[in-house]
Every structure is written in C-alpha cells, then in structure tokens.
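An overview of the molecular structure
The primary structure of each chain is shown beneath.
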Amino acid sequence: MKKIAIFASGHGSNARKICEYFSFSPHIQVVLIGTNKPDAGVLIHARDFNIPAITFGKKNMLEKNFIEENLLPYEIDLIVLAGFLLLIPPSWIQHYPQRIINIHPALLPKFGGKGLFGSHVHNAVKASGDAETGITIHYVNAHYDDGEHILQVKCPVFPNDTPEQIASRVLKLEHFYFPRTIEKILLAE
Ligand code: GRF
C-alpha cells in the first residue's frame with residue numbers, strides 16, 4: 001500500500017476529491033491530513049473519512065524533530081499540497097526528495113510565485129487578457145511554484161468570464177486530474 005499525506009490551508013475541495021478517489025483503492029491510502037489553519041474546511045473532510053489530522057504552524061515546520069515525530073510514523077510515500085499556503089522548508093525537501101507535489105491553478109511559470117494563490121491567480125489571469133489558463137501539477141522545491149512540472153492541462157478563458165467563472169472551470173480540472181496524477185506517480189514506481 002502506498003501512503004499519501006495531504007496538506008491544505010482552505011476549503012480542501014481537492015483534498016476531499018482525493019480522499020473520495022482513493023477511499024476504496026487497494027493500492028493507495030490517504031493516511032494523514034495536515035493544515036496550518038485550525039478552522040480549515042479540510043479538517044471536516046479528515047473527520048468524514050476518518051483520517052488522522054494534524055495542525056501546525058510555520059515555526060513547527062522548522063523544528064528539528066517535527067518530521068521525525070509527526071510524519072515519519074506514517075511512512076508517507078508522497079506529500080500532496082492541495083492549497084497549502086506555507087512555504088515548504090529545505091529540510092522537508094531533503095527528507096522527501098521528489099516526494100512532495102503541489103497543484104497550482106494556472107499555467108506556470110505564468111501567474112505563480114509568492115502572493116499568487118487562490119483568487120489572486122484568477123484575477124491576474126483575467127487582467128492579462130490571456131485566452132487560456134489551466135492547471136500545473138509540479139514537484140515542490142524550496143521556492144513557491146518553482147519545481148519541475150509533472151502535468152499541465154489547459155482550458156479556455158472567454159472574453160466575458162469573471163474571475164469566479166475562470167476559477168470554477170479550473171477547479172473542475174483540478175478535481176479530475178489531481179487524484180489521477182497522484183495515482184500515476186505512485187503506481188509507476
Ligand atoms: C486550488 O485552486 C489549488 O490549485 C490552489 O488552492 C486552491 C485550493 O482549493 N493551490 P481547495 O481548498 O482544494 O478547494
């Protein structure tokens with residue numbers, strides 16, 4: 001059984017889709033949900049799916065024994081960031097090389113980097129006048145939205161779209177492709 005941890009800071013709709021997708025999988029199991037926000041929606045999903053959850057802050061992530069005490073016991077094969085807003089420290093990347101992935105709701109390297117998350121991304125896409133946007137699933141390195149790309153999928157942006165309409169089109173792509181990409185990565189090993 002391959003084991004994944006999902007970290008999210010917000011509603012956690014992607015986290016929920018991933019939990020649903022793997023809930024009867026004989027090969028892949030969500031073993032841990034993590035968040036930096038004690039009121040994050042993702043904690044409700046953790047409860048619904050009976051998955052252990054932890055809440056931690058920026059400082060905790062830098063503590064010497066944090067990984068040993070909180071993550072290693074779960075024997076995690078892949079850490080999935082699904083709307084997780086804290087920067088991943090280099091020590092985590094050393095522990096989990098090519099084992100942390102993120103989803104970004106735009107076609108990186110456009111509309112990525114510090115401060116470009118959630119609605120900020122879709123507002124920027126709208127303001128740019130670009131005729132397409134999409135999703136990027138990528139490995140995580142020590143910089144925001146900067147690691148090697150695993151998958152990009154495009155969708156159109158229509159001239160009269162509001163940022164909310166763009167966001168909802170992109171979120172549908174995320175919900176479809178994120179669980180399937182996780183599966184592909186883990187089953188290819
Ligand atoms: C998604 O658009 C994801 O790409 C971004 O944050 C959003 C999280 O949405 N990184 P949700 O919390 O999964 O609903």
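Residues numbered from 1 in each chain as written. Predicted model: local features only at pLDDT ≥ 70, side-chain atom pairs only at ≥ 80, totals over all residues. Heavy atoms only, no water.

**Brief notes about helix α7 (residues 163-187)**
The terminal C-alpha atoms of α7, which comprises 25 residues, lie 35 Å apart, in line with the 36 Å expected from a rise of 1.5 Å per residue. By the burial criterion, the buried members of α7 are P163, I166, V170, L173, E174, H175, F178, P179, T181, I182, I185 and L186. (Helix = DSSP H or I, 4+ residues; strand = E, 2+ residues; numbered from the N terminus. Expected span 1.5 Å × (residues − 1). Buried < 20%, exposed > 50% of the residue type's maximum accessible area, 1.4 Å probe, protein only.)

**What to know about the packing of aromatic side chains**
A ring pair, where both rings are aromatic, is described by two values, the distance of the centres and the angle of the planes. Under the definition given, this model contains 9 aromatic pairs. A cation sits over an aromatic face here: R180 above F176, 3.9 Å from the ring centre. (Phe/Tyr/Trp six-rings, centres within 6.5 Å; stacked < 30°, edge-to-face > 60°. Lys NZ or Arg CZ within 6 Å of the ring centre and 35° of its normal.)

**Here's the deal with the site of the ligand**
In the region of the ligand, the neighbouring residues are H11, G12, S13, N14, G83, I103, P105 and E174. Between the ligand and the protein, one listed contact pairs an oxygen atom with a side-chain N or O atom of S13 at 2.5 Å. For the ligand, an oxygen atom lies 2.8 Å from a polar atom in the backbone of N14. In the complex, 84% of the free accessible area of the ligand, which totals 370 Å², lies under the protein chains. In terms of residue class, the shell around the ligand is made up of 2 nonpolar, 5 polar and 1 charged. (Near = heavy atom within 4 Å. Polar contact = N/O pair within 3.5 Å; in protein donor to acceptor, adjacent residues only side chain to side chain. Areas by Shrake-Rupley, 256 points an atom, 1.4 Å probe, with all protein chains shown as cover. Nonpolar A, V, L, I, M, F, W, Y, C, P; charged D, E, K, R; others polar.)

**Thoughts on the sheet that holds strand β5 (residues 100-104)**
To summarise the sheet geometry, strands pair through backbone hydrogen bonds and adopt either a parallel or an antiparallel arrangement. The 7 strands are arranged β3-β2-β1-β4-β5-β6-β7 in an open sheet whose pairing can be described as mixed. The sheet is open, and its two edges are formed by β3 (53-55) and β7 (149-156), each paired on a single side. Neighbour-to-neighbour, the strand axes of this sheet turn through a mean angle of 20°, independent of strand direction. The pairing of strand β1 (residues 2-7) with strand β2 (residues 28-35) spans 6 bridges and is parallel. Following the sheet pairing, I4 is matched in β2 by V30. Relative to the sheet, helix α1 (residues 13-22) contacts β1, β2 and β4 (78-81), its axis offset from that of β1 by approximately 160°. (Pairing = 2+ DSSP bridges. Axes fitted to C-alpha atoms, helices over the stretch in contact; angles between N-to-C directions. Contact = heavy atoms within 4.5 Å.)

**What about helix α6 (residues 119-128)?**
Turning to α6, its buried residues are V121, H122 and V125. Along the axis of α6, the buried positions cluster into a sector of 90°, meaning they face one direction only. Along its buried surface, α6 packs onto β5, β6 (132-139) and α7. The first or second residue beyond α6 is G129, which carries a positive phi of 80°. (Arc of directions from axis to C-beta.)

**Points about the pairing of β2**
Where burial is concerned, most of β2 is hidden: 7 out of the 8 residues are buried. For the segment spanning β1, α1 and β2, crossover handedness is right-handed. Bridge count for β2 against β3 is 3 bridges, and the pairing is parallel. Of the residues in β3, the one forming a bridge with G34 is I54. Where the polypeptide runs from β2 across helix α2 (residues 42-48) and back to β3, its parallel neighbour, the crossover connection is right-handed. (Right-handed = clockwise from strand over helix to strand, strands pointing away.)

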